[in-house]
Amino acid sequence: MTVDEVAAAARRRAVMVHCLTATVSMSLVADGLLAAGLRPMMTETLEEAPVIVTAADALLVNLGTLSTDGMAGIPATVAARPEETPWVLDPTAIGLAPVRTRMARELLDARPDIVKGNASEVLALAGGKGGRGADSADTPQHAADAAIEVARRTGGVVVVSGPTDIVVTADGVAERIARGHPMMARVTGTGCLLGALAAGCLVTADDAVEAAVAAVTWLDVAGEIAAARAGGPGSFRVQLLDALDEAATTGKEEAR
């Protein structure tokens, strides 16, 4: 399936993504999914999340602002996820933070369909020290070997985000996508939103590589559209929501 076909199918189905995501980015993730034509759910408590995930089409686990609720709710929700429900792990800001770093490495044993992170986060998953917070001190290409190692452990796909995004399988780099705009890095939550879109695309794509390429291209094309219209980071955020709607029908398979 092409990028357009994956996106169109996700919209027709109105895919519901259960997002256990960073509080700092919940608004953009929820609004972005809705703008893209998908549906978000946002619950991470131990009492409710493992129940609610059974109604979702896909699951996103993002460790960006790990709370006490999340420390208990995330592992339980992953364990309660129906076997046929695909999921994405976004190990945001791991490396220095001891609890989320340990949790992210343990969650790999639950075999996420897609792992999405910047280069430093992927290196930390494979045993490196990581970056400073959510910032990456490394380039995607530097993390390619670590991404292959992670993909071999999970049996899935790893997306390493950066100026050129790479999609990696256990066999090596499957796709390189040189799209998007630098303004995307100046708005909190665009990476979190990519993880949510990837989870949604897993439901309609033929495989995880196709889903990853579709999600990256969908968001990158939207970022290009938004940057052309925006006067700065504030207006870019607003324009990105409008562009997500357009990019589902204008984004072609431009991965290279």
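Description of the structure in this document. Values in this document were obtained by computation on a predicted structure and should not be read as measured data.

A few words on the sheet that holds strand 5 (residues 114–118). Reading across the sheet, the 8 strands line up as 2-1-3-4-5-6-7-8 and stay open at both edges, with mixed pairing between neighbours. Both edges of this open sheet fall to strand 2 (39–41) and strand 8 (172–177), since each of them pairs with a single strand only. Taken over all neighbouring pairs, the strand axes of this sheet differ in orientation by 20° on average, direction set aside. Both strand 7 (residues 165–169) and strand 8 contribute to a ladder of 5 bridges, which runs antiparallel. Note that in strand 8 the partner of valine 167 across the bridge is glutamate 175. Where helix 2 (residues 26–36) meets the sheet, it contacts strand 1 (16–20) and strand 2, and its direction lies at approximately 155° from that of strand 2. Along the sheet face, helix 9 (residues 208–229) touches strand 5, strand 6 (157–161), strand 7 and strand 8 and points at about 25° away from the line of strand 8.

As enumerated under the stated definition, the model contains 6 salt bridges in all. The salt bridge involving lysine 116 is made with aspartate 90; its shortest N-O contact spans 3.5 Å. In this pair, lysine 116 is assigned in strand 5 and aspartate 90 in strand 4 (residues 87–90), connecting sequence segments 26 residues apart. Residue classification places lysine 116 among the buried positions, given a relative accessible area of 5%. In this structure, glutamate 224 engages arginine 179 in a salt bridge whose closest nitrogen and oxygen atoms are separated by 2.3 Å. Here glutamate 224, found in helix 9, pairs with arginine 179, found in the loop between strand 8 and helix 8 (190–204); they are 45 residues apart in sequence, far enough to count as distant.

Another aspect to go through is the nonpolar core. In this structure, Ile114, Leu197, Phe236 and Leu244 are the most contacted members of the largest nonpolar core, which totals 55 residues. Going through the elements one at a time, helix 1 (3–13), strand 1, helix 2, strand 3 (58–62), strand 6, helix 8, helix 9 and helix 10 (233–250) are the ones with two or more residues in this core. No other element matches the 14 residues that helix 9 contributes to this core. Sequence-distant contacts of leucine 244, defined by excluding residues within four places in its chain, comprise Arg11, Gly32, Ala35, Ala36, Leu193, Leu197, Trp218, Leu219 and Ala222. Listed in part, the 30 residues of the second largest apolar core include Ile94, Val122, Ala124 and Val160.

Turning our attention to the pairing of strand 5. For strand 5, a buried count of 5 out of 5 residues is recorded, marking the element as mostly surrounded by other parts of the structure. Covered by surrounding structure in strand 5 are Ile114, Lys116 and Asn118 together with Val115 and Gly117, the residues of both alternating faces. Alignment of strand 4 against strand 5, held across 2 bridges, turns out to be parallel. Residue pairing for strand 5: leucine 89 is matched across the bridge by valine 115. As a crossover connection, the stretch from strand 4 through helix 5 (residues 98–107) into strand 5 is right-handed. Bridge analysis of strand 5 against strand 6 gives 5 bridges, and the strand direction is parallel. Directly across from isoleucine 114, in strand 6, lies its bridge partner valine 157.

A few words now on the state of the cysteines. For the structure on display, the rule yields 0 disulfides. Here cysteine 19 is not cross-linked by a disulfide; its sulfur's nearest cysteine counterpart is in cysteine 192, at 9.8 Å. A relative accessible area of 10% places cysteine 192 in the buried class.

So, how was this worked out
Residues numbered from 1 in each chain as written. Predicted model: local features only at pLDDT ≥ 70, side-chain atom pairs only at ≥ 80, totals over all residues. Heavy atoms only, no water. Pairing = 2+ DSSP bridges. Helix = DSSP H or I, 4+ residues; strand = E, 2+ residues; numbered from the N terminus. Axes fitted to C-alpha atoms, helices over the stretch in contact; angles between N-to-C directions. Contact = heavy atoms within 4.5 Å. Salt bridge = Lys/Arg side-chain N within 4 Å of Asp/Glu carboxyl O. Buried < 20%, exposed > 50% of the residue type's maximum accessible area, 1.4 Å probe, protein only. Core = buried A, V, L, I, M, F, W, Y, C linked by side-chain atoms within 4.5 Å. Right-handed = clockwise from strand over helix to strand, strands pointing away. Disulfide = S-S within 2.5 Å.

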